[in-house]
Amino acid sequence: MKKENIKETQNDLMEKIVSLCKRRGFVFQGSEIYGGLGGTFDWGHFGVALKNNIKQAWWKKFVDGRRDMYGVDAAILMNSKVWEASGHVAGFSDPLIECEKCKKRFRADQLSDIKKCPECEGKLGSMRQFNMMFATKIGAMEDSAATVYLRPETAQGMFVNFKNTVDAFHPRLPFGMAQIGKAFRNEITPRDFLFRQREFEQMEIEYFVRQGTWEKYFEYWKDEMTEWMQEIGIDIKRVHELEVPAEDRAHYSSRTIDFEFDYPFGKKELFGLAYRTDFDLKNHKLDYIDEEMGEKIVPHVIEPTFGVDRAVLALIVSVYAEDQKDGEVRSYLKFKPSIAPVICAVSPLLKNKPELVEYANTKVFAPLKAEFGRVAWDDNGNIGKRYRRQDEIGTPFCIVVDFDTLTDNTVTVRDRDTGEQERIPVAELKNYINSKISI
Ligand code: GAP
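In this text the structure is predicted, and so the values were computed from the model without any measurement.

1. Some points on the site of the ligand
At step 1: Close to the ligand lie 21 residues, the nearest being Glu 153, Arg 185, Glu 204, Glu 269 and Leu 270.
At step 2: Between the ligand and Phe 195 there is a distance of 3.2 Å, counted from a nitrogen atom to a backbone nitrogen or oxygen.
At step 3: In the model, a nitrogen atom of the ligand is placed 3.5 Å from a nitrogen or oxygen of the Arg 310 side chain.
At step 4: Within the complex, 91% of the 550 Å² of free accessible area of the ligand lies under protein.
At step 5: Of all elements in the fold, only β11 (199–209), β14 (266–277) and β17 (300–307) reach the threshold of two or more residues within the shell around the ligand.
At step 6: The dominant element in the shell around the ligand, judged by the number of residues it contributes, is β14, at five residues.

2. Describing helix α11 (residues 383–393)
At step 1: For α11, every residue scored as buried is listed here: Ile 383, Arg 386, Tyr 387, Gln 390, Asp 391, Glu 392 and Ile 393.
At step 2: Between the side-chain oxygen at the start of α11 and the backbone nitrogen of Gly 384 there is a gap of 3.1 Å, and the oxygen is on Asn 382.
At step 3: Where α11 terminates, the next one or two residues include Gly 394, which has phi positive at roughly 90°.

3. Points about the domain arrangement of the chain
At step 1: Each assigned domain of the chain is listed here: domain 1 (12–77 + 159–317) and domain 2 (342–437).
At step 2: Domain 1 and domain 2 are separated by 37 Å when their C-alpha centres are compared.
At step 3: Between domain 1 and domain 2, the buried area comes to about 560 Å², and carbon and sulfur atoms account for 59% of it.
At step 4: It is Arg 24, Phe 46 and Asn 53 that lose the most area in domain 1 upon contact with domain 2, and together they represent 69% of the buried surface on that side.
At step 5: Linking domain 1 with domain 2 are two salt bridges.
At step 6: Note that Arg 23 is salt-bridged to Glu 392, the shortest N-O span being 2.8 Å.

4. Notes on the packing of helix α2 (residues 45–64) against helix α9 (residues 308–319)
At step 1: Where α2 contacts α9, the two axes come as close as 10 Å, and the packing angle between them is 105°. Taken together, the axes of α2 and α9 are roughly perpendicular relative to one another. Of the residues in α9, those touching α2 at Leu 50, Lys 51, Ile 54 and Lys 55 are Val 308, Ala 311, Val 312, Leu 315 and Ile 316.
At step 2: Of the residues belonging to the contact of α2 with α9, the class tally is seven nonpolar, no polar and two charged.

What counts and what doesn't
- Residues numbered from 1 in each chain as written.
- Predicted model: local features only at pLDDT ≥ 70, side-chain atom pairs only at ≥ 80, totals over all residues.
- Heavy atoms only, no water.
- Near = heavy atom within 4 Å.
- Polar contact = N/O pair within 3.5 Å; in protein donor to acceptor, adjacent residues only side chain to side chain.
- Areas by Shrake-Rupley, 256 points an atom, 1.4 Å probe, with all protein chains shown as cover.
- Helix = DSSP H or I, 4+ residues; strand = E, 2+ residues; numbered from the N terminus.
- Buried < 20%, exposed > 50% of the residue type's maximum accessible area, 1.4 Å probe, protein only.
- Domains from an automatic or database assignment.
- Buried area = accessible area lost by both parts, 1.4 Å probe.
- Salt bridge = Lys/Arg side-chain N within 4 Å of Asp/Glu carboxyl O.
- Axes fitted to C-alpha atoms, helices over the stretch in contact; angles between N-to-C directions.
- Parallel < 35°, antiparallel > 145°, perpendicular 65-115°, else oblique.
- Contact = heavy atoms within 4.5 Å.
- Nonpolar A, V, L, I, M, F, W, Y, C, P; charged D, E, K, R; others polar.

Here it is as structure tokens:
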């Protein structure tokens, strides 16, 4: 295929994904009824469910599934001294350029010509560093001491609780701290749907090791990250490792690998793995008594970092599929049952037959809902329309109660990917679904 045709197909794919996300209640533009707010998105019912499943899968593997990890949920507002010590006040900035004619602002490192405005061809002004932290004032005071920042990374919430965690749990090295939460960056040019936002969510681990062992644990975490991506269903063929050159690394990192992903808009960062050395603990004047070695040390840090929103985007791109059915294009999301926002939908074949509705509601929907939670009731439109809707939500199984059910207590279960249907006894449904969730 020609280069421009590939680009067109990819743009087309991105448009289809954005529109599906809105149509099916996953993601909406932030503050939409007031014209939107750049770089913010609101999550609808199925988007929240998908994000929760991703976060739970992460917590289960990296916290509950281990003996050496301690969870944290730190405040988003932090004392500004945290960000002075971490180097963010001085160094967390992007190069900014403003057009003298149309006043639009751009990131200089993303322009092919730093003299001419890409929008109006006007003259661009000189470049300056723009700090990406959102500042606000705390309390009623208006002086500079009252300035606080919304955290631009969750990491510092863990470093500042390092001593609390050590004092409370007495962990032995190596051990880690883990946190999931919002982060905020005043991005100059938010773009590409969920990819670059001003408010987003991170899942981060700070893994503390003895200095001489960092390389071993760096490799270890690289494999763990890859394994988790596969577990949730990210297409690993689209993921590429990039050894980030020194000049592009964050100020705290001595080695970084970016896991890049083939998004429809190009190959860009998905997650990152950094060796933060003892940079943060040292700057916060924190140390650790290594009882095994009989000395006081400053542990070194390996940081696997994951963006929740980019995980959602990469996952949707990975599972989006189309096929032809009866001359019609069908689009569907091939989520794993363990990650899908809805695990099964229950329908009476006809909604104007009270005996079908009653059976479907009391004998199928209610017990499945009580067991799995992620169960939808769908009696809107004909069966074909319901299947199309559930396909787009990515529901792996559609269960239909028909007239045979009333006599033989079996239902039709339709598989989302193959469209095949089988009869399953109602009494077997819980086991059937449980066996699929574990995949
Ligand atoms: N604590 C290290 C850190 O924050 P980062 O590479 O700047 O490193 C970590 O961010 C992850 O957060 C990224 O790999 C990405 O998944 C996500 N992320 C960063 N900036 C983002 C943005 N503006 N919008 C959405 N996700 C973002």
